[in-house]
Amino acid sequence: MSVSEENAGREPAAQQVSAFLERRREQIAQRWADAALFRTVFTVSRDEAVEAGRSVAAALAAVSAAGRLDDIRAPGFDAVRDQLGRMAASRARRGVGADELADEVAALREPVTELLRAEFPDSYAPEAQECVLALTVLMGTLRLVVLETTVSAGEEVIVRQREQLNEVATPVIKLWESTVAVPLIGTLDSARSQVVMESLLDAIVTERARYAILDITGVPTVDSLVAQHLMKTVAAARLMGAECIVSGIRPAIAQTIVHLGIDLGTVLTRASLADALAYALSRQGVEIAPLRAADAGAR
């Protein structure tokens, strides 16, 4: 039989690799359980690491059986994204860099390659070399899948942390019956302004507030975009039945607003948060008496 006829009668390398991964899945999983990527994630039980290795080996076998060794979108990689992706994301959250993660995933190839070479009487025969090459391509694609998943997970974490930070940075405080306030500190952008509006409107409903104070004492600058967000928040509060008061407009910000030609004529303003609260209380019939000198001395 000629070499060409012999090659024609052989299974494609990808199919042979798939069969190998299924056949040696337990051994592969046992070896991977001692690899850094698995060992540092599954610290409670080695059995968990072995089970994770079985899942990944089975997923790779499915990808190889489909002949899509270099396709990161192959359906078989879905299980890998779910398993190794979470593991890599866990490592990334602990401060492990992308380069180190890539090395850890790349380190999974050598134990499997050793097992694959042992399948052939001559590990340097053409058929063996073809299978090793197919496995190398498959493991390289696995590396790309894991890194892509890790980057996506990292971006999701950043977005979630930014949202949480915005919520923490824009607390709504109940100052009095029917009176709430939002003390703003730092720069306002579109995302944070939206959080401010939503938080304030929720508080108006929850607290049945009739007066809402937006204190911008801690806002360093006000441009046309910030002013528009403030106007929208005031308008939304009115639609909810609450009167909105903007306080803490410092001289520099007042000059900026005038230079920009922004009309805040319809917005009720007060110099400070204390003045805004005093106004809201007076509108509710609450009289604030100044502290007498005798009372101050007694304290």
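Residues numbered from 1 in each chain as written. Predicted model: local features only at pLDDT ≥ 70, side-chain atom pairs only at ≥ 80, totals over all residues. Heavy atoms only, no water.

**Comments concerning the pairing of strand β2 (residues 179–185)**
Burial within β2 is extensive, with 5 of its 7 residues counted as buried. Pairing of strand β1 (residues 173–176) with β2, which is carried by 3 bridges, proceeds in the antiparallel orientation. Following the sheet pairing, Lys-174 is matched in β2 by Val-180. A loop of 2 residues connects β1 with β2, the two strands running antiparallel in sequence, and Ser-178 in this loop sits at a positive phi of about 70°. (Buried < 20%, exposed > 50% of the residue type's maximum accessible area, 1.4 Å probe, protein only. Helix = DSSP H or I, 4+ residues; strand = E, 2+ residues; numbered from the N terminus. Pairing = 2+ DSSP bridges.)

**A few points about the nonpolar core**
General note: in soluble globular proteins, nonpolar side chains tend to be found buried as a group. Judged by nonpolar contacts, the single largest core of 42 residues is most densely connected at Leu-21, Trp-32, Leu-60 and Phe-77. Mapped by element, the contributors of at least two residues to this core are α2 (13–23), α3 (25–32), α4 (36–39), α5 (46–65), α6 (77–93), α7 (98–106), α8 (109–117) and α9 (126–169). Looking at this core element by element, the count peaks at 10 residues for α9. Residues contacting Trp-32, with those up to four places away along its chain left out, are Phe-38, Gly-53, Val-56, Ala-57, Leu-60, Leu-108, Val-112 and Met-139. Residues Val-180, Val-182, Val-226 and Ala-237 belong to the second largest nonpolar core, which totals 28 residues. (Core = buried A, V, L, I, M, F, W, Y, C linked by side-chain atoms within 4.5 Å. Contact = heavy atoms within 4.5 Å.)

**What about the pattern of salt bridges?**
All told, the structure shown has 9 salt bridges when counted by the stated rule. A salt bridge links Asp-71 to Arg-68; its shortest N-O distance comes to 2.6 Å. For Asp-71, a relative accessible area of 23% corresponds to the partly exposed category. Overall, the relative accessible area of 32% leaves Arg-68 in the partly exposed class. In the salt-bridge network here, residues are joined through shared partners; they are Arg-23, Arg-24 and Glu-119. (Salt bridge = Lys/Arg side-chain N within 4 Å of Asp/Glu carboxyl O.)

**Section: the sheet that holds β2**
Read across the sheet, 5 strands follow the order β1-β2-β3-β4-β5 without closing on themselves; strand pairing throughout is mixed. A strand with exactly one partner marks an edge of an open sheet, and here the two such strands are β1 and β5 (268–270). Between one strand and the next, the sheet's axes are offset by a mean angle of 30°, whatever the strand orientation. Taken together, the 3 bridges between strand β4 (residues 243–247) and β5 define a ladder with parallel strand orientation. (Axes fitted to C-alpha atoms, helices over the stretch in contact; angles between N-to-C directions.)

**Quick word on the confidence of the model for the protein chain**
Confidence along the protein chain averages 81 in pLDDT terms, with 80% of residues attaining 70 or more. Scored below 50 in pLDDT, residues 1–10 shows 3 contacts in the model against residues more than four places distant or in partner chains. (pLDDT = per-residue confidence, 0-100.)

**Overview of the packing of helix α10 (residues 190–207) against helix α11 (residues 224–239)**
At a minimum axis distance of 10 Å, the contact between α10 and α11 shows a crossing angle of 15°. Relative to α11, α10 is oriented roughly parallel. Classified by chirality, the crossing of α11 by α10 is right-handed. Residues Ser-190, Ser-193, Met-197, Leu-200, Leu-201 and Ile-204 of α10 lie in contact with α11, whose contacting residues are Leu-225, His-229, Lys-232, Thr-233, Ala-236 and Ala-237. Taken together, the residues that form the contact of α10 with α11 break down as 7 nonpolar, 4 polar and 1 charged. (Parallel < 35°, antiparallel > 145°, perpendicular 65-115°, else oblique. Left-handed = near helix turned anticlockwise from the far one by under 90°. Nonpolar A, V, L, I, M, F, W, Y, C, P; charged D, E, K, R; others polar.)

**Topic: the packing of α3 against α8**
Between α3 and α8, the least distance of the axes is 9 Å, while the angle of their chain directions is 145°. As α3 runs across α8, the sense of the crossing is right-handed. Of α8, the residues touching α3 (which contributes Gln-27, Ile-28, Arg-31 and Trp-32) are Pro-111, Val-112, Glu-114 and Leu-115. Here the residues of the contact of α3 with α8 sort into 5 nonpolar, 1 polar and 2 charged.

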